[in-house]
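Chain residues, written in single-letter form:
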Amino acid sequence: MQSFSKNKIIPPEVLLNGYKNGIFPMSESREDESVGWYSARRRGIIPIENFRVSSNVQRIIRQGRYTCRVDTCFREVMEECANRETTWISEVIINSFEMLHLAGHAHSVEMFDKDENLVGGSYGVSLGAAFFGESMFKKAREADKIALWNTHQILNNNGFELWDTQFYTNHLAQFGCIEISAEEYKRRLNQALQKEAVFEKT
């Protein structure tokens, strides 16, 4: 574990080097001033060509209930993702990823309602043609899933090859998440890092 004071950050180049090597940072709680680096023997990914959402989510998308924006309130999205009983997103993590965002490698997908309230979103890290999904939140019905749907649109439209979810969960399985070995993950990661893709809404 690395310890940081609250005004310290993990430098962007250290974060990116970690992702290049298949590891990611997590804290023990919102108040934790230390950060550990983790990997997984079995890695969760969402094959971009196999992403799916329920018919209910598709209906809300067609209704245009929410407006999607990208990278307009990155820190707020992170803080909302951290606003839960148990979280690995500490102040050190938020500050560090905010710097990574300013460097152009961390992105937020934001859902707004008709009154311009931020009601859902997700964020992650882009590097080469790989995207590392980190967390998502919702304050309105299905807003987190629609943020994920919009993330998929961005990845698919811009030529991304790897969508990393770190771990496989039953919740993520509904979107097409599968589990692969660490060796297979490393192979796919190295392949994606050889190419360039831009995380932007088209």
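Above this note sits the structure.
Residues numbered from 1 in each chain as written. Predicted model: local features only at pLDDT ≥ 70, side-chain atom pairs only at ≥ 80, totals over all residues. Heavy atoms only, no water.

**Notes on the overall build of the protein**
Moving on, step 1. On a plain count of helices and strands, the protein comes out with seven helices and ten strands.
Moving on, step 2. In terms of C-alpha radius of gyration, the protein reaches 16 Å, essentially the compact-globule figure of 17 Å for 202 residues.
Moving on, step 3. In terms of overall dimensions, the protein has a C-alpha envelope of 45 × 35 × 30 Å along the principal axes.
Moving on, step 4. When the 202 residues of the protein are sorted by exposure, 53% land in the buried category. (Helix = DSSP H or I, 4+ residues; strand = E, 2+ residues; numbered from the N terminus. Rg over C-alpha atoms; globule rule 2.2 N^0.38 Å. Buried < 20%, exposed > 50% of the residue type's maximum accessible area, 1.4 Å probe, protein only.)

**Notes on the packing of aromatic side chains**
Moving on, step 1. A complete count under the given rule lists eight aromatic pairs for this structure.
Moving on, step 2. Relative to phenylalanine 132, the ring of tyrosine 19 lies with its centre 4.9 Å away and its plane at 50°, an arrangement referred to as tilted. Of this pair, tyrosine 19 sits in helix α1 (residues 12-20) while phenylalanine 132 sits in strand β8 (residues 130-138), placing them 113 residues apart in sequence.
Moving on, step 3. By relative accessible area, phenylalanine 132 is classed as buried at 0%.
Moving on, step 4. Aromatic pair phenylalanine 97 and tyrosine 123: ring centres 6.1 Å apart, planes at 80°, arrangement edge-to-face. Linking phenylalanine 97 in helix α4 (residues 91-102) with tyrosine 123 in strand β7 (residues 118-127), this pair joins segments that are 26 residues apart in sequence.
Moving on, step 5. Among the residues examined, phenylalanine 97 registers a relative accessible area of 0% and is labelled buried.
Moving on, step 6. Look at tyrosine 123 and you get buried, because its relative accessible area is 2%.
Moving on, step 7. Among the aromatic residues, ring-to-ring pairing joins Phe51, Trp163 and Phe175 into one connected group.
Moving on, step 8. Taking NZ or CZ as reference, arginine 43 lies 4.1 Å from the ring centre of tyrosine 185, over its face. (Phe/Tyr/Trp six-rings, centres within 6.5 Å; stacked < 30°, edge-to-face > 60°. Lys NZ or Arg CZ within 6 Å of the ring centre and 35° of its normal.)

**Regarding the sheet that holds β8**
Moving on, step 1. Across the sheet, which stays open at both edges, the seven strands sit in the order β5-β6-β7-β8-β9-β4-β10 with mixed pairing between neighbours. Looking at which strands have only one partner, the edges of the open sheet turn out to be β5 (67-70) and β10 (178-181). On average, each strand axis in the sheet is inclined to that of its neighbour by 35°, with strand direction left out of account.
Moving on, step 2. Lying on the sheet, helix α5 (residues 143-157) is in contact with β5, β6 (106-112), β7, β8 and β9 (162-166); it crosses β6 at an angle near 130°.
Moving on, step 3. Against the sheet, helix α7 (residues 182-193) makes contact with β4 (42-45), β7, β8, β9 and β10, and its axis sits at roughly 95° relative to β10, the strand it touches most. (Pairing = 2+ DSSP bridges. Axes fitted to C-alpha atoms, helices over the stretch in contact; angles between N-to-C directions. Contact = heavy atoms within 4.5 Å.)

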